[in-house]
Amino acid sequence: MSSQICRSASRAARSLLSSASKTSRFYSEGRAAAAVVAVSLGGKLPLLASAYGRTGSSNVARQWISGALAIPATVYMLQEQEAHAAELERTFIAIKPDGVQRGLISEIISRFERKGFKLVAIKIVVPSKDFAQKHYHDLKTRPFFDGLCDFLSSGPVVAMVWEGEGVIKYGRKLIGATDPQKSEPGTIRGDLAVVVGRNIIHGSDGPETAKEEVNLWFKPEELVNYTSNSEKWIYGVN
């Protein structure tokens, strides 16, 4: 009996997921309901329903069974939400002074938006040379380090944080190779830049670097958490 209930609940949950809008309110209410019911009843709803059925109260039994079905359905939906959240990551992207001066801000942002990534932080700043040195600290032994820091601090930089599934790795693909002449057509550098010294954009190259750079350029309160209306069309479950 319990296995049939679970199978029915799973089918019901999948149907509900495909038709319901996954708003934050929907999930927060579902999480609260699941927690209260699970703690207070300890997963004994099917047994209680059976007991009520033996006393002849079929309506009450059906109500208890409906409740039993709701628990695995809610749990299934919460697991889907948590799995989706775990797949999302954030990366740091900066449009360098040459990209800003050439008027490429909207072009670069639109490429990330069209891919389906979500902008969660943005600001325009003129970094000091000391700040640029912190950003490029891993290159401090390279002969071009000083010139690189001079350039980053030479004008306005558009600093951004983008969120999405695989955004760190695929963000690098959107950007293209460090040397624009080795970048594939269709990439930002392949289409919009010519030489290494003016390659218009920076992107984190891995999860640890992304975390470090986001924390360097942004305060926690500058990062926004929100659900985009387009997410169900990008990450929808069929």
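What you see is a predicted model, and the numbers here were worked out from it, not measured in a lab. (Residues numbered from 1 in each chain as written. Predicted model: local features only at pLDDT ≥ 70, side-chain atom pairs only at ≥ 80, totals over all residues. Heavy atoms only, no water.)

Asker: Honestly, the nonpolar core in this entry has me stumped. Any pointers?
Answerer: The nonpolar side chains of a soluble globular protein tend to be buried with one another. With 21 residues, the main nonpolar core has Ile108, Phe112, Trp162, Ile200 and Ile201 as its most contacted residues. Elements with a contribution of two residues or more to this core: strand 1 (88-95), helix 6 (105-115), strand 3 (157-165), helix 9 (167-175) and helix 10 (188-192). If you tally residues by element for this core, the top one is helix 9, at four residues. Contacts of tryptophan 162, omitting those with residues within four sequence positions, involve Glu89, Arg90, Thr91, Ile93, Ile109, Phe112, Glu113, Phe117, Lys118, Leu119 and Val167. Counting residues in hydrophobic clusters, the runner-up holds 17 residues, among them Ala121, Tyr136, Phe145 and Leu152. (Core = buried A, V, L, I, M, F, W, Y, C linked by side-chain atoms within 4.5 Å. Buried < 20%, exposed > 50% of the residue type's maximum accessible area, 1.4 Å probe, protein only. Helix = DSSP H or I, 4+ residues; strand = E, 2+ residues; numbered from the N terminus. Contact = heavy atoms within 4.5 Å.)

Asker: Could you clarify how one ought to interpret the side chain of lysine 118 in this entry?
Answerer: Its location among the elements puts lysine 118 in strand 2 (residues 118-125). Under the relative-accessibility criterion, lysine 118 is labelled buried at 10%. Setting aside residues up to four positions removed in sequence, lysine 118 forms contacts with Val161, Trp162, Glu163, Tyr226, Thr227, Ser228 and Glu231.

Asker: What is the right way to look at the confidence of the model for the protein in this model?
Answerer: The predicted model of the protein averages 79 in pLDDT, with 63% of residues at 70 or higher. Segment residues 5-10 is flagged for pLDDT under 50; beyond a separation of four residues in sequence, or across chains, it makes six contacts in the model. Ignoring residues within four places in sequence, the model shows residues 12-53, a span with pLDDT below 50, making 47 contacts including any to other chains. (pLDDT = per-residue confidence, 0-100.)

Asker: Even after reading the chapter, I still don't get the pattern of salt bridges, so can you show me in this structure?
Answerer: Any two side chains of opposite charge can pair, given that their charged atoms come close. Applying the stated rule across the entire model yields eight salt bridges. For the salt bridge of lysine 129 with aspartate 150, the shortest nitrogen-to-oxygen distance reads 2.9 Å. Residue lysine 129 is located in helix 7 (residues 129-135), and its partner aspartate 150 is located in helix 8 (residues 145-152); the two are separated by 21 residues in the primary sequence. Several salt bridges share partner residues, and in doing so they unite Arg90, Lys118, Glu163 and Glu231 into one network. (Salt bridge = Lys/Arg side-chain N within 4 Å of Asp/Glu carboxyl O.)

Asker: Got a minute to help me understand the environment of isoleucine 234 in this structure?
Answerer: For isoleucine 234, the location among the structural elements is in helix 12 (residues 231-234). For the pair formed by isoleucine 234 and phenylalanine 117, sequence separation is 117 residues and the distance between their alpha carbons is 9.2 Å.

Asker: Sorry, what's going on with the UniProt feature "active site" (unreviewed entry) in the protein here?
Answerer: In the numbering adopted here, UniProt assigns the feature "active site" (unreviewed entry) to His202. Take histidine 202: it is sitting in strand 4 (residues 201-203). Those residues in contact with histidine 202 that sit more than four places away from it in its chain are Phe92, Ile93, Ala94, Lys96, His135, Ile175, Arg189 and Glu213. (UniProt positions renumbered as here; feature names shortened; annotations may be inferred.)

Asker: Would you explain the environment of asparagine 215 in this entry?
Answerer: Turning to its location among the elements, asparagine 215 is positioned in helix 11 (residues 207-217). Taking the C-alpha atoms as reference points, asparagine 215 and phenylalanine 92, separated by 123 residues in sequence, lie 9.4 Å from one another.

Asker: Quick question: what am I supposed to make of a negative patch on the surface here?
Answerer: Where like charges cluster on the molecular surface, the negative patch consists of Asp138, Asp205, Glu208 and Glu212. On the secondary structure map, glutamate 212 appears in helix 11. (Patch = residues over 30% accessible without salt bridge, like charges linked within 9 Å, V, L, I, M, F, W, Y side chains within 5 Å. Areas by Shrake-Rupley, 256 points an atom, 1.4 Å probe, with all protein chains shown as cover. Lys, Arg positive; Asp, Glu negative; His and termini not counted. Charge placed at Lys NZ, Arg CZ, Asp CG, Glu CD.)

Asker: I tried to follow the pairing of strand 1 on my own but got confused; where do I start?
Answerer: Side chains on a regular strand alternate between the two faces of the sheet. Burial runs high along strand 1: six of the eight residues are buried. The sheet contact formed by strand 1 and strand 3 spans eight bridges and is antiparallel. Across the sheet, residue phenylalanine 92 finds its bridge partner in strand 3, namely valine 161. (Pairing = 2+ DSSP bridges.)

Asker: Explain the packing of aromatic side chains to me, please; I cannot follow it from the model alone.
Answerer: Two numbers describe a pair of aromatic rings. These are the distance of the centres and the angle of the planes. Counted under the stated rule, the structure contains five aromatic pairs. When the centroid spacing of 5.2 Å and the interplanar angle of 25° are considered together, the rings of phenylalanine 112 and tryptophan 162 count as stacked. Linking phenylalanine 112 in helix 6 with tryptophan 162 in strand 3, this pair joins segments that are 50 residues apart in sequence. Here phenylalanine 112 and tryptophan 162 have matching classes, each one buried. Relative to tryptophan 217, the ring of phenylalanine 131 lies with its centre 4.7 Å away and its plane at 85°, an arrangement referred to as edge-to-face. Taken together, the residues span a long stretch of sequence, with phenylalanine 131 in helix 7 and tryptophan 217 in helix 11 at a distance of 86 residues. (Phe/Tyr/Trp six-rings, centres within 6.5 Å; stacked < 30°, edge-to-face > 60°.)

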